Amino acid sequence: MFDPVTDAFIGGHWMSGPTRFAVTNPANGVVIAEVANLGPVQTVEAIDAAEKALPAWSALTAKARSAILMRWNALILENTEALAELMTAEQGKPLHEARGEVAYGAAFIEWFAEEAKRSYGHTIPTTASSKRMMSIKQPVGICAAITPWNFPIAMITRKVGPALAAGCTVVVKPSEETPLCALALARLAEIAGVPAGVLNIVTGTDAAAIGQVLCDDPRVRKLSFTGSTEVGKILYRQCAGTVKKLSLELGGNAPFIVFDDADLDAAVAGALASKYRNAGQTCVCANRMLVQSGIYDAFAERLAQEVGAFAVGSGSDPDTVIGPLINDEAVNKVEGLVNGALEMGAKALTGGARHDAGAQFFTPTVLIDVTPQMEIFSQEIFGPVAPLFRFETEAEAIALANGTPYGLASYFYSQNVNRCWRVGEALEFGMVGINEGLFSTEVAPFGGWKESGLGREGASEGLSEYLETKYLCFGGVQ
Ligand code: SIN
């Protein structure tokens, strides 16, 4: 494992901060590092540094920025094992998943380093013979990124990759649960030659105060946030004062629909992948398993068989499939939702309670006879629990699936091509997995409809979030 970098990173300097805060391993509660605890004053310093660095960074050619980003990408990949161990220690996910996240995270740097070289504007057919018209793309300016603990590398690179590639400078506020991966990324960026002030990392426990500074400062022209809808709405309101560009990747309540005509093996495999990755702590996790009557019992039995066999334990154990949840609050929430469902008549085919591997572990669970009246239908579970709801018709499944203010991810399994088109088009979600439980990739647009957010990350859309369009009109042409 890396010797964790524990100081914050502002203007190319490592800062120890006025106080420190503890980062613990969620598998055993052991303190693994004491990290710089910064606040509003240092956040302003980080914005100052980003402002100072902006003119030179944005003036580089896209190709020059790309070369630096490619070096950063290579360094991240070269350090996969150390980064994965660090991630497992602070976040808890199994090592094999952590390795996967390092590759996934690096891929955003590579993709946007390539993509920025092709951020074309347009020439516009003129409306007057004395004029010539065109549009060009320019960097938005100073950007702020507030990132979550569930993907402590990929959620940073997914924002910082396009921002830097576009010519923006960035202030990142990583989650206080997982600052070490963010700081390790910054260290590698420094080695790769990212100039001082282009990337700044403000670590700290007072997320509200740091966030307020980032939202209020008129020099920050864009905020990108991944996290809860509740906090996203606060940031949305706070950014109104300076009319910032916003990307919000917020909560989900993903339906996972299994129709009678599904391939049962594929549906079970997809459910396992979608539901239990990162112990169910992803925004795109299947949250509500909607299963048609004719296949309900067979699907439930097969799923419970597989889930009941999952190895639960510390992510550093190579056999572990399900690691700890991030903190006590997360375990309490999952337990409350499961107990609420059980009290109202649901049954646990497997699991249903905490796990004796430690205080922050919950046993992988499959619940049957769950109904939309139970709280678990409307809440994002963020834990290794699959509630199975029964439906009869396609129309009922679509109504149930869309019956949520959220619209991030959705999934369905059917072997009928007509149904695949119909349902794919009817679902009110930004992403639809059709006979597929894992769809995240740097090349496709990731983001939600409705209260799941604004904007897209990844793909060419992900770069345009960090670019302004400028219309140039040349007059007096003879
Ligand atoms: C998230 O949970 O916010 C991201 C999941 C992913 O990128 O697949």
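Quick caveat: nothing in here was measured; it's all calculated off a predicted structure.

J.: Would you take a moment to explain the overall build of the chain for this structure?
T.: Across its full length, the chain holds 14 helices and 22 strands. In summary, the chain has a C-alpha radius of gyration of 23 Å against a globular reference of 23 Å for 478 residues, a match within 12%. Each of the three principal axes of the chain carries a C-alpha extent, and together these read 75 × 60 × 40 Å. Counting every position in the chain, which comprises 478 residues, the buried fraction comes to 57%. Residue pairs in contact within the chain that sit at least 24 positions apart in sequence constitute 72% of those at least 6 positions apart.

J.: When you look at the packing of helix α7 (residues 207–216) against helix α8 (residues 229–240) in this model, what are you seeing that I'm missing?
T.: Packed helix pairs are specified by the crossing angle of their axes together with the interaxial distance, meaning the distance between the axes. Viewed as axis vectors pointing N to C, α7 and α8 meet at an angle of 35°, and their least axial separation amounts to 8 Å. Crossing of α7 against α8: the hand is right-handed. Between α7 and α8, the residues in contact are Gly 211, Gln 212, Cys 215 and Asp 216 and Leu 235, Gln 238 and Cys 239, respectively. The residue inventory of the contact of α7 with α8, partitioned by class, reads three nonpolar, three polar and one charged.

J.: Help me out: how do you make sense of the nonpolar core in this one?
T.: Side chains that are nonpolar tend, in soluble globular proteins, to be buried together. Within the largest apolar cluster, 71 residues are counted, with the highest numbers of intra-cluster contacts made by Phe 256, Ile 257, Phe 299, Leu 303, Ile 376 and Leu 388. A per-element tally of this core places helix α10 (residues 293–308) first, with seven residues.

J.: In this structure, what is going on with the environment of Glu 249? I would like to understand it.
T.: Along the polypeptide, Glu 249 turns up in strand β11 (residues 245–249). Glu 249 gets classed as buried once you look at its relative accessible area, which sits at 4%. For the pair Glu 249 and Gly 453, spaced 204 residues apart in sequence, the C-alpha to C-alpha distance is 4.9 Å. Looking at Glu 249, its side chain comes within polar contact range of the side chain of Arg 158, at 3.0 Å.

J.: Would you take a moment to explain the pairing of strand β12 (residues 254–258) for this structure?
T.: Look at any regular strand and the pattern is simple: side chains alternate between the two faces of the sheet. For β12, the buried fraction is high: five of the five residues fall into the buried class. Residues of β12 alternate between two faces, with Ala 254, Phe 256 and Val 258 on one and Pro 255 and Ile 257 on the opposite face, all of them buried. In this sheet, strand β13 (residues 286–292) lies alongside β12 in parallel orientation, the contact comprising five bridges. Residue pairing for β13: Phe 256 is matched across the bridge by Met 289. Regarding topology, helix α9 (residues 264–276) serves as the crossover connection from β12 to the parallel β13, and that connection is right-handed. Of the strand pairs in this sheet, β12 and strand β18 (residues 409–413) are connected by three bridges, and their pairing is parallel. Paired with Ile 257 across the two strands is Phe 412, which belongs to β18.

J.: Looking at this model, I keep getting lost on the sheet that holds strand β16 (residues 385–391). Mind explaining?
T.: Across a sheet, paired strands are connected by hydrogen bonds in the backbone, their directions being either parallel or antiparallel. Here we have seven strands laid out as an open sheet, ordered β14-β15-β16-β13-β12-β18-β19, and mixed in their pairing. Unpaired on one side and paired on the other, β14 (347–350) and β19 (431–434) mark the two borders of the sheet. Looking at each pair of strands side by side, their axes are set apart by 25° on average, direction ignored. Taken strand by strand, α10 contacts β12, β13, β14, β15 (365–370) and β16, and its axis lies near 170° from that of β16. Helix α11 (residues 328–343) contacts β14, β15 and β16 of the sheet and is inclined by roughly 35° relative to β15.

J.: Would you explain the domain arrangement of the chain in this entry?
T.: In many analyses, interface size is given as the accessible surface area lost on bringing the parts together. As far as domains go, the chain holds domain 1 (8–250 + 452–473) and domain 2 (254–441). Here the C-alpha centroids of domain 1 and domain 2 sit 31 Å apart. Listed per partner, the contact involves 21 residues of domain 1 and 25 residues of domain 2. Inspection of the domain 1/domain 2 interface yields zero salt bridges. Per-element accounting of the side of domain 1 that touches domain 2 gives the leading share, four residues, to helix α4 (residues 95–115).

J.: Would you take a moment to explain the packing of aromatic side chains for this structure?
T.: Working definition: an aromatic ring pair is given by the centre-to-centre distance plus the angle between the planes. Under the criterion given, the structure shown has 10 aromatic pairs. Geometrically, the ring pair formed by Phe 256 and Tyr 413 is stacked, given 5.2 Å between the ring centres and 25° between the ring planes. With a gap of 157 residues between them, Phe 256 in strand β12 and Tyr 413 in strand β18 connect regions that are remote in the sequence. As far as burial versus exposure is concerned, Phe 256 and Tyr 413 are alike and both buried.

J.: Just checking my understanding: could you explain the packing of helix α2 (residues 62–78) against α4 for this structure?
T.: Running from N to C, α2 and α4 cross one another at 165°; their axes reach a closest spacing of 9 Å. Classified by the angle their axes make, α2 and α4 are roughly antiparallel. With respect to the hand of their crossing, α2 and α4 are arranged in left-handed fashion. For the pair α2 and α4, the contacting residues are Ser 66, Leu 69, Met 70, Trp 72, Asn 73, Ile 76 and Leu 77 in the first and Val 102, Ala 103, Ala 106, Ala 107, Ile 109, Glu 110, Ala 113 and Glu 114 in the second.

J.: Would you explain unusual backbone geometry in this entry?
T.: Positive phi outside glycine occurs at Phe 382, with the angle close to 55°. With respect to the element layout, Phe 382 can be found in the loop between β15 and β16. On the basis of relative accessibility, which here comes to 18%, the residue Phe 382 falls in the buried class. Backbone geometry places Lys 450, a non-glycine residue, at a positive phi of 50°. In this structure Lys 450 comes out as partly exposed when scored by relative accessible area, which is 38%.

Criteria and cut-off values
- Residues numbered from 1 in each chain as written.
- Predicted model: local features only at pLDDT ≥ 70, side-chain atom pairs only at ≥ 80, totals over all residues.
- Heavy atoms only, no water.
- Helix = DSSP H or I, 4+ residues; strand = E, 2+ residues; numbered from the N terminus.
- Rg over C-alpha atoms; globule rule 2.2 N^0.38 Å.
- Buried < 20%, exposed > 50% of the residue type's maximum accessible area, 1.4 Å probe, protein only.
- Contact = heavy atoms within 4.5 Å.
- Axes fitted to C-alpha atoms, helices over the stretch in contact; angles between N-to-C directions.
- Left-handed = near helix turned anticlockwise from the far one by under 90°.
- Nonpolar A, V, L, I, M, F, W, Y, C, P; charged D, E, K, R; others polar.
- Core = buried A, V, L, I, M, F, W, Y, C linked by side-chain atoms within 4.5 Å.
- Polar contact = N/O pair within 3.5 Å; in protein donor to acceptor, adjacent residues only side chain to side chain.
- Pairing = 2+ DSSP bridges.
- Right-handed = clockwise from strand over helix to strand, strands pointing away.
- Domains from an automatic or database assignment.
- Salt bridge = Lys/Arg side-chain N within 4 Å of Asp/Glu carboxyl O.
- Phe/Tyr/Trp six-rings, centres within 6.5 Å; stacked < 30°, edge-to-face > 60°.
- Parallel < 35°, antiparallel > 145°, perpendicular 65-115°, else oblique.

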